[in-house]
Amino acid sequence: MTKKIYYEKRGRKYVPVHEYDEYLMDGLPYGNHLIMCYPGGKSTRYNIDPALAPMIAAGRVAEDRMCDAMRKASEMRPSRTPITPGQQRAWKKLAKEFGDELATLNGTSARDIAEAGLTAMQEEAQQLLTNPAVRLAYEQFLLVCELTKKQVDNA
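This one's a predicted model, so the numbers in the text were calculated from it and none came from an experiment. (Residues numbered from 1 in each chain as written. Predicted model: local features only at pLDDT ≥ 70, side-chain atom pairs only at ≥ 80, totals over all residues. Heavy atoms only, no water.)

**Q** Could you give an account of unusual backbone geometry, naming the residues involved and the relevant values?
**A** You will see that Asn47, though not glycine, has its phi angle at about 50°, which is positive. Here Asn47 lies in the loop between β4 (41-45) and α2 (53-61). On the accessibility criterion, Asn47 (55% relative accessible area) is exposed. (Helix = DSSP H or I, 4+ residues; strand = E, 2+ residues; numbered from the N terminus. Buried < 20%, exposed > 50% of the residue type's maximum accessible area, 1.4 Å probe, protein only.)

Next up, the structure:
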């Protein structure tokens, strides 16, 4: 793609005021970066530890599902399970009124919320591992992890 030049009219003349070069705009600083492209956008994580790149990439791929699972796990629910029909009607009315903005009335533990996110990430990883190329890359990653553990243990 070519560089674009933007002009502004000053009097009777058009004067160049801005240049846009998509390749120049995508210049990256020194370091290790993770770039994900998807329809309609792109996500860039700067200065990451290369050893954590697979984990960060998996987290980015599963981010929406993790957020949905964590939101669902943190929704309010009654603290006592056996409730009367009147309480149930009132509870349903409250949930209908609040919609997606349900506040946590019975505090769900942070561990339950994190576990819901991790479960969603594991489900996403299982789905991704059905691809032979992803499976091979994952097996190589596990091999490198095992070799690294043996080096640390021997040191």
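**Q** An account of the pattern of salt bridges is needed here, citing residue identities and associated values.
**A** According to the stated counting rule, one finds 1 salt bridge in the structure shown. Residue Arg10 pairs with Glu8 through a salt bridge whose shortest N-O separation is 3.1 Å. (Salt bridge = Lys/Arg side-chain N within 4 Å of Asp/Glu carboxyl O.)

**Q** A description of the environment of Ala51 should follow, citing residues and the corresponding values.
**A** Within the fold, Ala51 resides in the loop between β4 and α2. We classify Ala51 as exposed; its relative accessible area is 56%. Separated by 94 residues in the primary sequence, Ala51 and Cys145 have C-alpha atoms spaced 9.4 Å apart.

**Q** Explain the pairing of strand β2 (residues 13-20) to me, and be specific about the residues and the numbers.
**A** For strand β1 (residues 4-10) and β2, the ladder comprises 7 bridges, and the chain directions are antiparallel. Residue Lys4 lies in a different strand from β2, and its bridge partner there is Tyr20. Counting the residues in the hairpin turn of β1 and β2 gives 2 residues, including Gly11, whose phi is positive at 70°. (Pairing = 2+ DSSP bridges.)

All quantities given are derived from atomic positions and should not be read as evidence of function.
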